[in-house]
Amino acid sequence: ERQVGVNFPPLHPQCRSKTRAYMGEEIEKTLKRRARNPVTGKPEIVDNISYKEWAKQHGIDTNREDSDRKFLKIGGKYGNISKNDAVAIKSERKRALKYADSVSFDGATRADNLKIVNDTLERLTAKYPTKKLRRIQLDDLGQSNAKSSGVRLRINRALINSTPKRFDWAGYVAENNAEIARLEKGLATKPYQAYVKAQEEIADLKWQNKFKRGSVSSDGYGIKGTITHEYGHILADQYIGLTNGNTAIVGYSTAKDATYAMMRDKVKATYEIARKNGDIFNISWYASKTEREFFAEAFCAREHGEKLPDYIESIVEEICNGSAV
C-alpha cells in the first residue's frame, strides 16, 4: 500500500524520514530504550517510556532548557545538602546564565565555591569582554581542575565540592630528588636501554625541579586561580584563535587571517624565548607544556598581581587589549 510522497519516504524535498516495522502496542510496551543516566552520564537501557515520563522519574523539568536535576536536592549522589544549599546553588546557576547560554551545576554541593566561579567571571568579563559561552558545566575530569575553549567551560565537580589547598611543590621536588637518587643508583651497570630510559627520566625530573611551582592556580589561588587560567584560554581563543584557529574568533574576518596567524606566532615565539632563557621557571611547570598553557598561566599570574618580564607582559597586554581583533 505504500505510495512514495504520500505515506512512504521521501515525503518532501530533503526528507530524512525512515520506516520501521510496527509490531503492535502490546509488543511495543515490552521493548527497551537507550538513555543517558543524568547522574553518571553513561548510557543505560530503560523501559520503553516517553521522554517526558523518563524526565519526570529523574526530576527534570522539561519546560526548562537545562534544569537542575533530582540529585541536586537532599541526599544527592555527591553528598547531602540542605534545602538552603540547594536554593543557593540554583541561584548561582541562574547567575551563571549571564556568561553562558546553558549552565549545568549538576552534582554541586558547595554554593560558596560556585559563587567564587561567578565572582571571578564577573570581574574578568568586565575587564576583558568575551562572547557569551555556549555552556558552563560541572564534570568529572579526573586530575584536571577545568577545561575550556572559546565556547565552553568545564569545571571539575570534585574541585567545586572541596576546599582547594595549596599544592606542596617543595614536597613534590623532594620526592623528585628521592626518585633521581634511586634512578642514579647503579646507573652505570644498567643494560643500554634501561640506562637510556633512566637518563631520560632523570633529565625530566631535574627539569621539573627548576620551576617554582606546578601551576599558578595551585599556588594558593584555588578556584579563583583555576577560573582565571581558563578565562585566559577563552579570551585567547576568541580574540586570536589560539586554541581552535581563526573560526573561533569573535567577529572573524578573512581579511584579518594573516593578523590572527601573526598573533598566534607571536605568542609561540614568546613562549619559546621564555623556555630558552629560563623565565618560564618563574611562571610554572604547567606553562612549559605548550604556548596555549603558557599564555593562560602568564595571564593568570598577571591577574593576581605577579610581575612578569616585560616581553611576556607585552604580549599578554596586547592580546587582552584586543589588538588583533
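A short tour of the structure in this document, coming up. Computed from a predicted model, the values in this text were never measured in an experiment. (Residues numbered from 1 in each chain as written. Predicted model: local features only at pLDDT ≥ 70, side-chain atom pairs only at ≥ 80, totals over all residues. Heavy atoms only, no water.)

## What to know about the overall build of the chain
No. 1: Counting its regular elements, the chain contains 11 helices and 6 strands.
No. 2: Taken over C-alpha atoms, the radius of gyration comes to 26 Å for the chain, far larger than the 20 Å a tight globule of 325 residues would show.
No. 3: If one aligns the C-alpha atoms of the chain with their principal axes, the spans along those axes are about 80 × 55 × 50 Å.
No. 4: Looking at the 325 residues of the chain, the share that counts as buried comes to 43%.
No. 5: Taking all contacts inside the chain whose residues are at least 6 apart in sequence as the whole, residues at least 24 apart take part in 55%.
No. 6: With an accessible surface of roughly 18,700 Å², the chain has 50% of that area assigned to carbon and sulfur atoms.
No. 7: Within the chain, the 43 negative side-chain charges are centred at a point lying 3 Å from the centre of the 56 positive side-chain charges. (Helix = DSSP H or I, 4+ residues; strand = E, 2+ residues; numbered from the N terminus. Rg over C-alpha atoms; globule rule 2.2 N^0.38 Å. Buried < 20%, exposed > 50% of the residue type's maximum accessible area, 1.4 Å probe, protein only. Contact = heavy atoms within 4.5 Å. Areas by Shrake-Rupley, 256 points an atom, 1.4 Å probe, with all protein chains shown as cover. Lys, Arg positive; Asp, Glu negative; His and termini not counted. Charge placed at Lys NZ, Arg CZ, Asp CG, Glu CD.)

## Examining the environment of Glu-26
No. 1: By the element assignment, Glu-26 lies in helix H1 (residues 25-30).
No. 2: Separated by 268 residues in sequence, Glu-26 and Phe-294 have C-alpha atoms that sit 61 Å apart.

## Points about the pattern of salt bridges
It is possible for side chains of opposite charge to pair when their charged atoms get near one another.
No. 1: Throughout the structure, instances matching the rule amount to 24 salt bridges.
No. 2: Across the pair Glu-317 and Arg-302 runs a salt bridge whose closest N-O atoms are separated by 2.0 Å. One end of the pair, Glu-317, is in helix H11 (residues 310-320); the other, Arg-302, is in helix H10 (residues 291-303), with 15 residues separating them in the sequence.
No. 3: Overlapping salt bridges bring together Arg-123, Lys-127, Arg-302, Glu-303, Glu-313 and Glu-317 as one network. (Salt bridge = Lys/Arg side-chain N within 4 Å of Asp/Glu carboxyl O.)

## Some details on the layout of surface pockets
No. 1: Of the voids in this model, the largest pocket is the one considered here, and its volume is about 970 Å³.
No. 2: In terms of lining residues, the largest pocket is bounded by 36 residues, among which Gln-143, Ser-144, Asn-145, Ser-215 and Ser-217 are the most central.
No. 3: Mapped by element, the contributors of at least two residues to the lining of the largest pocket are strand S5 (146-148), helix H5 (157-160), helix H6 (169-184), helix H8 (217-240) and H10.
No. 4: Top contributing element to the lining of the largest pocket by residue count: H8, with 10 residues. (1 Å grid on protein atoms, 1.4 Å probe; cavity = no way out; pocket = protein on both sides within 12 Å on 5 of 7 lines; lining within 4 Å. Points joined across faces, edges and corners; volume = space filled by probe spheres on them.)

## With respect to the nonpolar core
Nonpolar side chains in soluble globular proteins generally cluster together in the buried interior.
No. 1: Counting 55 residues, the largest nonpolar core has Phe-105, Ile-136, Ile-155, Leu-235, Phe-295, Phe-299 and Ile-319 as the members making the most contacts within it.
No. 2: Among the elements that make up this core, the one with the highest residue count is H8 (8 residues). (Core = buried A, V, L, I, M, F, W, Y, C linked by side-chain atoms within 4.5 Å.)

## Remarks on the packing of aromatic side chains
No. 1: What the rule picks out here adds up to 10 aromatic pairs.
No. 2: With 5.5 Å between their ring centres and 65 degrees between their planes, Tyr-128 and Phe-299 make a pair best called edge-to-face. Here Tyr-128 is found in the loop between helix H4 (111-127) and strand S4 (133-139), whereas its partner Phe-299 is found in helix H10, with 171 residues between them in sequence. With respect to burial, Tyr-128 and Phe-299 carry one shared label: buried.
No. 3: Relative to Phe-281, the ring of Trp-207 has its centre 5.2 Å away and its plane inclined at 70 degrees; by these criteria the two rings are edge-to-face. Note that Trp-207 is positioned in helix H7 (residues 192-208) and Phe-281 in the loop between helix H9 (257-277) and H10, a separation of 74 residues in sequence.
No. 4: A relative accessible area of 23% means that Trp-207 is categorised as partly exposed.
No. 5: We classify Phe-281 as buried; its relative accessible area is 16%. (Phe/Tyr/Trp six-rings, centres within 6.5 Å; stacked < 30°, edge-to-face > 60°.)

## Section: the packing of H6 against H7
No. 1: The geometry of H6 relative to H7 is characterised by a closest axis approach of 10 Å and an angle of 160 degrees between their N-to-C directions. Taken together, the axes of H6 and H7 lie roughly antiparallel to each other. The chirality of how H6 crosses H7 is left-handed. In contact with Trp-169, Tyr-172, Asn-176, Glu-179, Ile-180, Leu-183 and Glu-184 of H6, H7 contributes Ala-198, Glu-201, Ile-202, Leu-205, Lys-206 and Gln-208.
No. 2: When grouped by side-chain class, the residues that make up the contact of H6 with H7 number 7 nonpolar, 2 polar and 4 charged. (Axes fitted to C-alpha atoms, helices over the stretch in contact; angles between N-to-C directions. Parallel < 35°, antiparallel > 145°, perpendicular 65-115°, else oblique. Left-handed = near helix turned anticlockwise from the far one by under 90°. Nonpolar A, V, L, I, M, F, W, Y, C, P; charged D, E, K, R; others polar.)

## Structural notes on the side chain of Glu-28
No. 1: Mapped onto the secondary structure, Glu-28 falls in helix H1.
No. 2: Judged by relative accessible area, Glu-28 falls into the buried class, the value being 14%.

## Topic: the sheet that holds S4
No. 1: Reading across the sheet, the 4 strands line up as S3-S4-S6-S5 and stay open at both edges, with mixed pairing between neighbours. With partners counted over all chains shown, the strands left at the sheet margins are strand S3 (100-104) and S5, one partner each. Pairwise comparison of adjacent strand axes, ignoring direction, gives a mean angle of 10 degrees for this sheet.
No. 2: Across 4 bridges, the pairing between S3 and S4 is parallel. (Pairing = 2+ DSSP bridges.)

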